[in-house]
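Each chain, written out:
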Amino acid sequence: MEENKIYLERISNLEKIGGKEFVKKMINSFHRNVSQKIESAKEGVRTGNLEAIERAAHSIKSSAGNLGATKLENISGRIEKIAELDEDINYDDLISKLENAYDDIKPELNKILGEFRG
Amino acid sequence: MKKIAIVEDNPDNRLLVCAILEDYYEIDEYETGLEAIKGLKKKVPSLILLDISLPGMDGPEVLQHLKKEELTKDVPVIAITAHAMEGDREKYLELGFDDYITKPIIDENLILNSIKNLIKD
């Protein structure tokens, strides 16, 4: 099973680019974007709008990639592809997995924010 | 400072690109293709970073508009894409892009060097 953790080399890379404050900005921006896009994906499921699901998953994939949240990146990439191909599948279940993957990395991201608070 | 425009709907990606480039270039940001087409005519940059997968009007469509416009037709455009398969470079060059970079942007030097190669002094 794929481990759900942050690839810390990616965080180090962000720190090299813009320092600790920049990493904090990226993490906060990530939370805003991913939360918003998960809601967009859920709305897409409610209304049967596969394009909305695809777009939301695409955005989450990109944001997750920036922070090295590999499992979230992979799940959202799969959802993006499935929605693009218009597959007849239980999207509720997929979005639920996506949300769980996001929830699972929150403690680690909070830990990074805490380390950078000093 | 020379000006670079970034057309990208994901705010995290815009934040990252701005952080990489802001010490070297002035940056104009656009969230949608339509916004970019209107704005770029008024504030013509030295180079455009253009996301392929924009909502509504996608990157290639935006590029077509830019190439038809006198003010922007000669501005170099780098595609930003999540897809990096064999043959993709040729595909983007055929579409009219001058280069491409893949997301996630991990190596800042790739984007900086790509821009340096295309921006004329």
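Described in the following lines is the structure provided in the data block. (Residues numbered from 1 in each chain as written. Chains lettered and ligands numbered in written order. Predicted model: local features only at pLDDT ≥ 70, side-chain atom pairs only at ≥ 80, totals over all residues. Heavy atoms only, no water.)

## Concerning the sheet that holds strand β2 (residues 26-30) of chain B
Residue and element names in this part refer to chain B. Spatial ordering of the open sheet is given by β2-β1-β3-β4-β5, a layout of 5 strands whose pairing is parallel. Each having just a single partner strand, β2 and β5 (99-102) make up the two edges of the open sheet. Across the sheet, the axes of successive neighbouring strands diverge by a mean angle of 20°, strand direction being ignored. (Pairing = 2+ DSSP bridges. Helix = DSSP H or I, 4+ residues; strand = E, 2+ residues; numbered from the N terminus. Axes fitted to C-alpha atoms, helices over the stretch in contact; angles between N-to-C directions.)

## Examining the packing of helix α2 (residues 50-67) of chain A against helix α1 (residues 11-21) of chain B
The geometry of α2 of chain A relative to α1 of chain B is characterised by a closest axis approach of 8 Å and an angle of 40° between their N-to-C directions. In terms of axis orientation, α2 of chain A runs oblique to α1 of chain B. Listed contacts from α1 of chain B to S62, S63 and N66 of chain A of α2 of chain A are D12, N13 and L16 of chain B. Its residues assigned to classes, the contact of α2 of chain A with α1 of chain B shows 1 nonpolar, 4 polar and 1 charged. (Parallel < 35°, antiparallel > 145°, perpendicular 65-115°, else oblique. Contact = heavy atoms within 4.5 Å. Nonpolar A, V, L, I, M, F, W, Y, C, P; charged D, E, K, R; others polar.)

## Focus: the pattern of salt bridges
One pass over the structure, following the stated rule, counts 19 salt bridges over all chains. One salt bridge in this structure joins E15 of chain A and K20 of chain A, with 3.1 Å as the shortest N-O distance. According to the relative accessible area criterion, E15 of chain A is partly exposed, its value standing at 27%. Of the charged contacts, one joins K73 of chain B and E70 of chain B as a salt bridge, the two residues approaching to 3.7 Å between their closest N and O atoms. Given a relative accessible area of 27%, K73 of chain B falls into the partly exposed group. It is possible to trace a salt-bridge network through shared partners that takes in K3, E26, D28 and K43 of chain B. (Salt bridge = Lys/Arg side-chain N within 4 Å of Asp/Glu carboxyl O. Buried < 20%, exposed > 50% of the residue type's maximum accessible area, 1.4 Å probe, protein only.)

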